[in-house]
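# Breakdown of the fold
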Amino acid sequence: DAGVIQSPRHEVTEMGQEVTLRCKPISGHNSLFWYRQTMMRGLELLIYFNNNVPIDDSGMPEDRFSAKMPNASFSTLKIQPSEPRDSAVYFCASEGPGQVNTEAFFGQGTRLTVV
Amino acid sequence: AQKITQTQPGMFVQEKEAVTLDCTYDTSDPSYGLFWYKQPSSGEMIFLIYQGSYDQQNATEGRYSLNFQKARKSANLVISASQLGDSAMYFCAMRGDGITSYDKVIFGPGTSLSVIP
């Protein structure tokens, strides 16, 4: 298996532009997480999907952020409009069905820089 | 609410020595899972070890072991015979049971480990 695949690996954009981050989870996994990592705030859980349904989006910072999972093999995280404070590494992780002992597998992350 | 605390922002250890990285957690779930991840400077997140809340024995994976004290709600990572390649950030994480709380995975703030030759 290729693991969790995120694209792009790096993104530099200007303030005000729309940014879309993409994630392909591991086949057969039914949970998907989007995390944001910054020096100041560490690893923050933004949103969590289970069976393509958003279960908990309480970590989404504001309305500029939205996430979708149209099917089991694809998810997007969109920021519109982007701001410099959105600069961070965004990780996608997926997890197999329903046991507490199933670890989350992480993608390589997308390093977003908003200038 | 679930919470993970890692009180050591940075740690140093001599090569070939053992080191303990602290992790305490808070949850009201009757069952849960505890994980440790390593993040080297390259940025990827690497799963190291898992401990279930009902596991009777402490988990071990090679040079990694987990000192699990359920009553104290602590799950410390012990790395034996440290190697230079162990220099990295280490994150403690917890997953709820999916019944009492969402079975999402939350992370602590991390501990930066530096192995000195």
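Residues numbered from 1 in each chain as written. Chains lettered and ligands numbered in written order. Predicted model: local features only at pLDDT ≥ 70, side-chain atom pairs only at ≥ 80, totals over all residues. Heavy atoms only, no water.

## Considerations on the pattern of salt bridges
Here the structure, examined in full by the defined rule, presents 11 salt bridges over all chains. Glu44 of chain A serves as the salt-bridge partner of Arg36 of chain A, at 3.1 Å between the closest nitrogen and oxygen. Its relative accessible area of 9% is what places Arg36 of chain A among the buried residues. Linking Glu95 of chain A and Arg95 of chain B is a salt bridge whose minimum nitrogen-to-oxygen distance equals 3.2 Å. Within this pair, whereas Glu95 of chain A is found in strand E9 (residues 88–95), its partner Arg95 of chain B is found in strand E10 (residues 88–95), the two belonging to separate chains. For the pair formed by Glu95 of chain A and Arg95 of chain B, the shared burial category is buried. Ionic contacts of the salt-bridge type, sharing partners, join the residues Glu62, Arg64, Glu83, Arg85 and Asp86 of chain A into one network. (Salt bridge = Lys/Arg side-chain N within 4 Å of Asp/Glu carboxyl O. Buried < 20%, exposed > 50% of the residue type's maximum accessible area, 1.4 Å probe, protein only. Helix = DSSP H or I, 4+ residues; strand = E, 2+ residues; numbered from the N terminus.)

## As for the interface of chain B and chain A
Contact with chain B, which involves 20 residues of that partner, is made by 21 residues of chain A. Regarding the contact of chain B and chain A, the summed buried area is about 1700 Å², with carbon and sulfur atoms giving 58% of it. The largest share of the area that chain B buries against chain A comes from Met45, Arg95 and Lys104 of chain B, three residues that together contribute 29% of it. The interface formed by chain B and chain A contains four residue pairs in polar contact (both at pLDDT 80 or more). Contributions of two or more residues to the side of chain B that touches chain A are made by strand E5 (33–39), strand E6 (46–52), E10 and strand E11 (105–107) of chain B. Counting residues per element, the side of chain B that touches chain A draws most heavily on E5 of chain B, which supplies four residues. For the side of chain B that touches chain A, the per-class residue count stands at 11 nonpolar, four polar and five charged. (Contact = heavy atoms within 4.5 Å. Buried area = accessible area lost by both parts, 1.4 Å probe. Polar contact = N/O pair within 3.5 Å; in protein donor to acceptor, adjacent residues only side chain to side chain. Nonpolar A, V, L, I, M, F, W, Y, C, P; charged D, E, K, R; others polar.)

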